[in-house]
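Topology and contacts: notes
Chain by chain, the residues:
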Amino acid sequence: MKQKEILLFGATGQIGRNLIRKLSKNNYKIIAVTRNIHRAGYILKTQANPGYLELVELKNFDVNKIESLIKRTTICINLIGILYEKRKDEFKLIHSDLPALLAKKANQFKLDKFIHLSALGIENATDSKYALSKLDGERRIKENFQRYIILKPSIVYSVDDKFSTKFMSLLSVLPVMPLYYNGRTKFSPIHVSDLVNIIYNIIESKNESLVLECVGLEIITFKEMLIKLLKSINKKRILLPLPTPLAKITAKFFQLLPNPLLTEDQLIMLKYDNCKSKYYKSNLDMGYIPKKKFENEINKYSYNWRTGGQFADENNSTNLK
Ligand SMILES: NC(=O)c1ccc[n+]([C@@H]2O[C@H](COP(=O)([O-])OP(=O)(O)OC[C@H]3O[C@@H](n4cnc5c(N)ncnc54)[C@H](OP(=O)(O)O)[C@@H]3O)[C@@H](O)[C@H]2O)c1
């Protein structure tokens, strides 16, 4: 069978790594773009024979190189995103300037599809730099290319994530966990395999000019999520509501760390619910129904944070008597 080709930016992230496995299993050849080809070679796994994955190194968004890659393909997917800025205007560069350039090139070389990952819950967050940059990216894609698909996921979780695993690490060492905004913010977490199935369906479909919110089966508050994580790692901790002015001061300090636990902008984003909105259709409306539930899935990897590890509850000596 003839291979189909896909150009993938941001391939080494949580979503990219899982998407590559799904696509390669289904006869797609992936041209995976990364800033560090050696690290990517170590991280990325396919489920196909050799030849289904081509790694390409791209530094500083070299426009000529981007153009030569886009010329070769019919479908381009952009998964590049950041959670905090390491330098001035980085949100604008990554979430707005880059998607705008990719959309322009997609138009110039008449691609069939440009699929871009934006974020959920950003429409009302006009006081967040992250949200504004993601929204600006969406606007500029629409201006530059008609056959766009913009996907807006809620929190994406899996053993590879920077969310459930980060909180399990914090909860396993901290005696007290701060609750921002009383832990009332709502999320609709989606498992990475459910999101990858949505992306795969979108690739195979004839949809275009589509903005789609991507949500899981449940709506869970921040506090409920922490309680589920605690239950899963079998630990008891104090969940302490933190007044917002105090939370802002802690975020100011946290964001000085090289890999910040929380930035002031992330604290702002935490104020806004992160579930299906009134603005766009969601995967549920399109019949892309997720299969995974938060509690069931985190239980499959939370043993990494449980005292004694995976086999702590088993009596290993039983069979040796
Ligand atoms: N994960 C979630 O919960 C979630 C929720 C909503 C929206 N999204 C969006 O979905 C997309 C993919 O998410 P993800 O979790 O898979 O992302 P991720 O793991 O954080 O990162 C994706 C990739 O982007 C590249 N990248 C990061 N910073 C970069 C920079 N400064 N310059 C160039 N490339 C850079 C990296 O690839 P290399 O190091 O190989 O270059 C990285 O592996 C993002 O746009 C994200 O905003 C994610």
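Residues numbered from 1 in each chain as written. Predicted model: local features only at pLDDT ≥ 70, side-chain atom pairs only at ≥ 80, totals over all residues.

Some details on the overall build of the protein
Operational definition: Each helix corresponds to a stretch of at least 4 residues labelled H or I by DSSP, and each strand to a stretch of at least 2 residues labelled E; elements are numbered beginning at the N terminus. Neighbour counting defines burial: a residue surrounded by 20 or more other C-beta atoms within 10 Å of its own C-beta is buried, one with 12 or fewer is exposed, and intermediate counts give partly exposed, using backbone-placed C-beta atoms. It is the C-beta atoms, placed from the backbone, that decide contacts: two residues are in contact if theirs lie within 7 Å.
Along the protein, the regular secondary structure elements total 11 helices and 14 strands. Seen through its principal axes, the protein has C-alpha atoms that stretch 60 × 60 × 40 Å. A buried classification covers 39% of the 321 residues belonging to the protein. Taking contacts inside the protein between residues at least 6 apart in sequence as the whole, the part at least 24 apart equals 77%.

Overview of the pairing of strand β1 (residues 4-9)
The following threshold applies: Note: two strands are recorded as paired if DSSP finds a minimum of 2 bridges between them. Note on handedness: a crossover is taken as right-handed if, strands pointing away from the viewer, the path from the first strand over the helix to the second is clockwise.
Both β1 and strand β2 (residues 28-34) contribute to a ladder of six bridges, which runs parallel. Along β2, the bridge assignment pairs leucine 7 with isoleucine 31. Regarding topology, helix α1 (residues 14-25) serves as the crossover connection from β1 to the parallel β2, and that connection is right-handed. Pairing geometry for β1 and strand β4 (residues 75-78), over three bridges, is parallel. Across the sheet, residue phenylalanine 9 finds its bridge partner in β4, namely asparagine 78.

Thoughts on the pairing of β4
Burial along β4 is two-sided: the residues Ile75 and Ile77 and Cys76 and Asn78 are all buried. At this point the chain moves from β4, through helix α4 (residues 90-108), to the parallel strand β5 (residues 113-117), and the crossover so formed is right-handed.

Considerations on unusual backbone geometry
Of note in the backbone geometry, phenylalanine 61 takes a positive phi value of approximately 45° without being a glycine. Secondary-structure assignment places phenylalanine 61 in the loop between β3 (53-57) and α3 (63-71). Of the residues examined, phenylalanine 61 has 16 C-beta atoms within 10 Å and is grouped as partly exposed. The backbone phi angle of serine 209 is positive, close to 45°, even though this residue is not glycine. In this structure serine 209 comes out as exposed when scored by C-beta crowding, with 11 C-beta atoms within 10 Å.

A short note on the site of the ligand
We count it as follows: The criterion for a residue being near a molecule or strand is a backbone-placed C-beta atom within 6 Å of that molecule or strand. When residues are sorted by character, Ala, Val, Leu, Ile, Met, Phe, Trp, Tyr, Cys and Pro go into the nonpolar class, Asp, Glu, Lys and Arg into the charged class, and all the rest, Gly among them, into the polar class.
Around the ligand lies a shell of 21 residues, among which Thr12, Gly13, Thr34, Gly81 and Leu117 are the nearest. Here the element with the most residues in the shell around the ligand is α1; it accounts for three residues. Its residues assigned to classes, the shell around the ligand comprises 12 nonpolar, eight polar and one charged.

Things to note about the packing of helix α6 (residues 164-173) against helix α8 (residues 222-232)
Working note: a packed helix pair is described by the angle between its axes plus the distance between those axes. As a reminder, the rule being used: Axes here refer to lines fitted to C-alpha atoms; in helices the fit is confined to the stretch in contact. Angles between the N-to-C directions go from 0 to 180 degrees. Note on terminology: angles under 35 degrees are roughly parallel, angles over 145 are roughly antiparallel, angles of 65 to 115 are roughly perpendicular, and the others are oblique. Handedness of a crossing follows from how the near helix is turned relative to the far one, being left-handed for an anticlockwise turn of less than a right angle and right-handed for a clockwise one.
Taken N-terminus to C-terminus, the directions of α6 and α8 make an angle of 65°; their axes are 10 Å apart at the nearest point. Considering their axes alone, α6 and α8 lie roughly perpendicular with respect to each other. Relative to α8, the crossing made by α6 is right-handed. Packed against α6, whose contacting residues are Ser164, Phe167, Met168 and Leu171, the element α8 presents Leu226, Leu229 and Leu230 at the interface.

Quick look at the environment of glycine 216
Checked against the element boundaries, glycine 216 lands in the loop between β11 (210-214) and β12 (220-221). For glycine 216 and phenylalanine 294, which are 78 residues apart along the polypeptide, the C-alpha to C-alpha distance reads 8.5 Å. Residues contacting glycine 216, with those up to four places away along its chain left out, are Ser154, Ser188, Pro189, Ile190, His191, Asp194, Pro290 and Phe294.

Things to note about α6
We apply this condition: The arc refers to the directions leading from the helix axis to the C-beta atoms.
When we look at burial in α6, the residues that qualify are Ser164, Thr165, Phe167, Met168 and Leu171. Along α6, the residues classed as buried sweep out an arc of 160° about the axis, all on the same side. In α6, the exposed residues that point more than 90 degrees away from the buried face are Lys166 and Val173. Those residues of α6 that are buried lie in contact with β7 (156-157), β8 (176-180), α8 and α11 (294-298).

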